[in-house]
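A look at the structure
This is what each chain is made of:
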Amino acid sequence: MNPLELLAAHTSFKGEQRLYRHHADSLHRPLEVAVYLPVASLLKERPCTALYYLPGLQTSARLVASQSDYQRYANRYDTILVIPDLFNIYQGDDIARTALYAREQAAITAYLQEELPAVIDAHFATSSGRGIMGYGFGGTLAIYHAHRHPDSYGSVSALAPWLAFTNTPWYREHLAHISLPQYFDPNDWYAAHPDAPPLPLWIDQGTDDDHLGNKINLADFEATVAERIASGEIWINWHKRYDHSFYFVHSHIREHFVFHSEQSEL
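Since the model is a prediction, treat every value here as computed from it, not as a measurement. Within every chain, residues take consecutive numbers counted from 1 along the sequence as written. Since the coordinates come from a predicted model, pLDDT governs what is reported: local features require at least 70, and pairs of side-chain atoms require 80 or more to be given and counted, while whole-chain, interface and lining totals use all residues. To get the side-chain values, take all heavy atoms of the structure and skip hydrogens and water.

1. Description of unusual backbone geometry
Residue Asp-69 is not a glycine yet carries a positive backbone phi of 60°. Within the secondary structure layout, Asp-69 lies in the loop between α2 (61–67) and α3 (71–76). A relative accessible area of 27% places Asp-69 in the partly exposed class. A positive phi angle is found at Tyr-183, which is not glycine, with a value near 65°. Secondary structure elements are taken from DSSP: a helix is a run of H or I of four residues or more, a strand is a run of E of two residues or more, and numbering for both begins at the N terminus. Looking at the element boundaries, Tyr-183 is found in the loop between α7 (169–174) and α8 (186–192). Exposure classes here rest on a 1.4 Å probe applied to the protein chains alone. A residue is buried below 20% of its type maximum, exposed above 50%, and partly exposed in between. A residue is classified by how much of its surface remains accessible, and Tyr-183, at 30% relative accessible area, is partly exposed.

As structure tokens, then:
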């Protein structure tokens, strides 16, 4: 196992925000990983739940760590938050970066499922529960990854994830030539797996998000998963006047820590 190299550490809400670098064998490249340790972890009082946060295509782990304002909640709910810098070497617009993801999606899956959790568990005292969340494209990837590995995650959440996009003109114009994994669009997965066991899912979405109507078609997704919403498996929360920015993220990220904490206690 390749060691973690500490690049920076900052006290935040009594815990510590750290930035590491390690060589990701699955991806054949060095990768930065932001890790927040709550005070319970620093004092070695007890194992803490690991929550993995997958950033958006245009977002780095450093940016998420400095602008998402999550540390107060990670500390409050005894959560080790792990943010791998999956897309920071990508170049171009969202379409170009989606194509780059598609080319290395198998390696990213191996990294998220095997390599990264092994590194985190080897260096920090983690409890048996594990959650995953993400923002934008990272939210879609979090939902996809959780569905592929349902025994590994007790809960999944997303802020403004790409949803119900594969049947849109936008998809046919921009992404149809890209070999995304089957059922990468959560809407397609739920439509194809009506009898799948429940997996708690929390989604926040702003009504003024400029991706609505192309990358994000949440109303269509709500129709697909209506029975799961009614059963209490899926929670979808619309927020008036919010856009797709970090202002939206740090206005609503607290709810995600509450959600994952509650699910880990069930």
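What follows picks up the thread again.
2. Re the pattern of salt bridges
A side-chain nitrogen of Lys or Arg and a carboxyl oxygen of Asp or Glu constitute a salt bridge if their distance falls within 4 Å. Counted under the stated rule, the structure contains nine salt bridges. Across the pair Glu-16 and Arg-18 runs a salt bridge whose closest N-O atoms are separated by 2.6 Å. On the accessibility criterion, Glu-16 (19% relative accessible area) is buried. Connected through shared salt-bridge partners, Glu-45, Arg-46 and Asp-78 make up one network.

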